[in-house]
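Breakdown of the fold
Here's the letter readout for the chains.
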Amino acid sequence: MAYSIVGVGSSWGGLAAMSKLLGALPANFSLPIVVVQHRSRDSDRLLAEILQDATDLTVSEIEDKEPLTPGTVHIAPANYHVLIDDGFLSLSLEEPVRFSRPSIDVMLSSAADTYGPEAIGVVLTGANEDGAQGLSDIVKRGGCALVQDPRTAEIAIMPHAAVKAVPSAEVLPLEGLAPRLIALSRKRAKVRARKAV
Amino acid sequence: MAVPVAEAPSSGAEPDRQSFKPDLERIEIELLLEGIFRHYGFDFRAYAYASIRRRLWKRIEEEGLSSVSALQERVLHEPEMMEKLLLDLSINVTAMFRDPGFYQTFREHVVPLLRTYPFIRIWHAGCSTGEEVYSMAILLREEGLYDRSRIYATDINEVVLQRAKAGIFPLERMQEYTDNYIRAGGKRSFSEYYTAKYGGALFDQALTKNVVFSQHNLVTDRSFSEFNVILCRNVLIYFDKTLQSKVHSLFYDSLAMFGVLVLGSKETLRFMSHEDCYQQIAPPEKIFRKVR
């Protein structure tokens, strides 16, 4: 079973980190990427434009029921949660989680619920603890967890919380994340023993 | 700085009750929703799956249960549990002049069209507690169109409709609404439209003179008139694609030719077969005109 999706979350300091990460991925990267970057309620499409300037991948600000597309960076719009469904994305105005909407936890948990061992979750720099729960859900369901090394993060709180919640997560310096994602995208996921029902 | 890269397997945690059995979970959820529909009449069967799953699990965890099936037993046998779940499943997020840019664009691009009609029929589908209905009424009044307009404001939920009718909104949100109103191109002082009363902001009752609040279920009910404008913002995002498409047929059938359909700012017709029937007016706002 190969990986099917990458979910990436970032907060404070995320714009620079996300630009660097996405900028190091090739245009033919084979997985869809869903990005939640915390942002103000009223912010517009500028984030998508900035990230588009940084990467060869196609950047798209998510519209409801948008299909997941390989090599596309699907960005959570301001003030909506993003839920990963089977092959597409749904938006929701459910209440903020840990004061955040979009919430990294909501996005990553839905990746875990839908894609299980085929999901990769990545947590980058940030000044809160969003993402830790979602990353933990991904690992519980057999998926793969990557965390930016807190020592290379502009603000270490978020990656710290992620590592604390998921001690088995791979901790990599920012510049190590893209090569690892490329390798994972080519690799077959660990074969999970099928449990007898 | 260099950090040792562990090639260790990333799934060290023991799979717990949440171990990955998506097919089985789907069966359980479909059975629960079918049970709710047949026993209580609430139809969530075609709601967007990932979102409904998340909200069901929130209730399951809050009740200290461990599976959807366990929740099913409680919900079917205890009406109080259904009540709780109903609250979990309804999302009533709204604000006056929500997305001010939309109202600004509506004034610039839709109002001139409406001026050409002797009588204007508007359907606000999924109006929730009514904030956006009052916003539209204010806009129409300021543009001199209110007296020849009728707004049909509908929602599935009778409780929120009662609140919409009352027209009392939290005072503490008036600052935010005033900011929205100004950015939406408001022409007067926002405080002229309400008085502080009953611990809230009571809106001018003349604003609802031409508003009909009524219960309507987008999932099961049919068209009830022909409209010049249909507003349905951030309602269809909770439906799956099949139900969205069904509701779009309903909207299409309910719109007069050259009528205007308004969706939420992150909703689209791109993935719908009705896309070709509409032209988008003034993108990026999601205002579409029926052209065929």
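Conventions adopted
- Residues numbered from 1 in each chain as written.
- Chains lettered and ligands numbered in written order.
- Predicted model: local features only at pLDDT ≥ 70, side-chain atom pairs only at ≥ 80, totals over all residues.
- Heavy atoms only, no water.
- Domains from an automatic or database assignment.
- Contact = heavy atoms within 4.5 Å.
- Buried area = accessible area lost by both parts, 1.4 Å probe.
- Salt bridge = Lys/Arg side-chain N within 4 Å of Asp/Glu carboxyl O.
- Polar contact = N/O pair within 3.5 Å; in protein donor to acceptor, adjacent residues only side chain to side chain.
- Helix = DSSP H or I, 4+ residues; strand = E, 2+ residues; numbered from the N terminus.
- Nonpolar A, V, L, I, M, F, W, Y, C, P; charged D, E, K, R; others polar.
- Core = buried A, V, L, I, M, F, W, Y, C linked by side-chain atoms within 4.5 Å.
- Buried < 20%, exposed > 50% of the residue type's maximum accessible area, 1.4 Å probe, protein only.
- Phe/Tyr/Trp six-rings, centres within 6.5 Å; stacked < 30°, edge-to-face > 60°.
- Lys NZ or Arg CZ within 6 Å of the ring centre and 35° of its normal.

Residues and elements named next belong to chain B. Assigned domains of chain B: these are domain 1 (22-89) and domain 2 (100-290). Computed from C-alpha atoms alone, the centre-to-centre distance between domain 1 and domain 2 is 31 Å. Between domain 1 and domain 2, the contact holds six residues from the first and six residues from the second. Buried area between domain 1 and domain 2, both sides added, is near 550 Å², and the carbon and sulfur share of it is 61%. When the buried surface of domain 1 facing domain 2 is broken down by residue, Ala 46, Tyr 47 and Ala 48 rank first, second and third, together holding 69% of it. On inspection of domain 1 and its partner domain 2, the count reaches zero salt bridges. Here domain 1 is connected to domain 2 by two residue pairs in polar contact (both at pLDDT 80 or more).

Counting from both sides, the interface comprises 52 residues of chain A and, opposite them, 47 residues of chain B. Note on chain A versus chain B: buried area summed over both sides is about 4,000 Å², and carbon and sulfur give 51% of it. Linking chain A with chain B are eight salt bridges. Measuring nitrogen to oxygen at the nearest pair gives 2.7 Å for the salt bridge that ties Glu 61 of chain A to Lys 266 of chain B. On inspection of chain A and its partner chain B, the count reaches 16 residue pairs in polar contact (both at pLDDT 80 or more). For the side of chain A that touches chain B, the elements supplying multiple residues, two or more each, are strand S4 (66-67), strand S6 (81-84), strand S7 (88-92), helix H3 (104-115), helix H4 (132-140), strand S9 (144-148) and strand S10 (170-172) of chain A. When residues in the side of chain A that touches chain B are grouped by element, the largest group, six residues, is from H3 of chain A. Class assignment for the residues of the side of chain A that touches chain B results in 20 nonpolar, eight polar and 24 charged.

Once that is clear, we can look at the nonpolar core. In this structure, Leu 218 and Phe 251 of chain B are the most contacted members of the largest nonpolar core, which totals 73 residues. In terms of residues, this core owes the most to one element, H3 of chain A, which gives six residues. Not counting residues within four places of it along the chain, the set of residues in contact with Phe 251 of chain B comprises Trp 123, Ala 125, Leu 218, Ile 230, Cys 232, Leu 236, Leu 261 and Tyr 278 of chain B. Counting 45 residues, the second largest nonpolar core, distinct from the first, contains Leu 140, Ile 151, Phe 203 and Val 211 of chain B.

One pass over the structure, following the stated rule, counts 23 aromatic pairs over all chains. Plain terms: the ring middles of Tyr 152 of chain B and Phe 227 of chain B are 5.6 Å apart, the flat faces sit at 70° to each other, and that makes the pair edge-to-face. Of this pair, Tyr 152 of chain B sits in strand S2 (residues 149-155) while Phe 227 of chain B sits in strand S7 (residues 227-232), placing them 75 residues apart in sequence. On the basis of relative accessibility, which here comes to 16%, the residue Tyr 152 of chain B falls in the buried class. Geometrically, the ring pair formed by Tyr 194 of chain B and Phe 203 of chain B is tilted, given 5.4 Å between the ring centres and 40° between the ring planes. The class for Phe 203 of chain B is buried, based on a relative accessible area of 1%. Directly above the ring of Phe 88 of chain A sits Lys 241 of chain B, whose terminal nitrogen or CZ lies 4.2 Å from the centroid.

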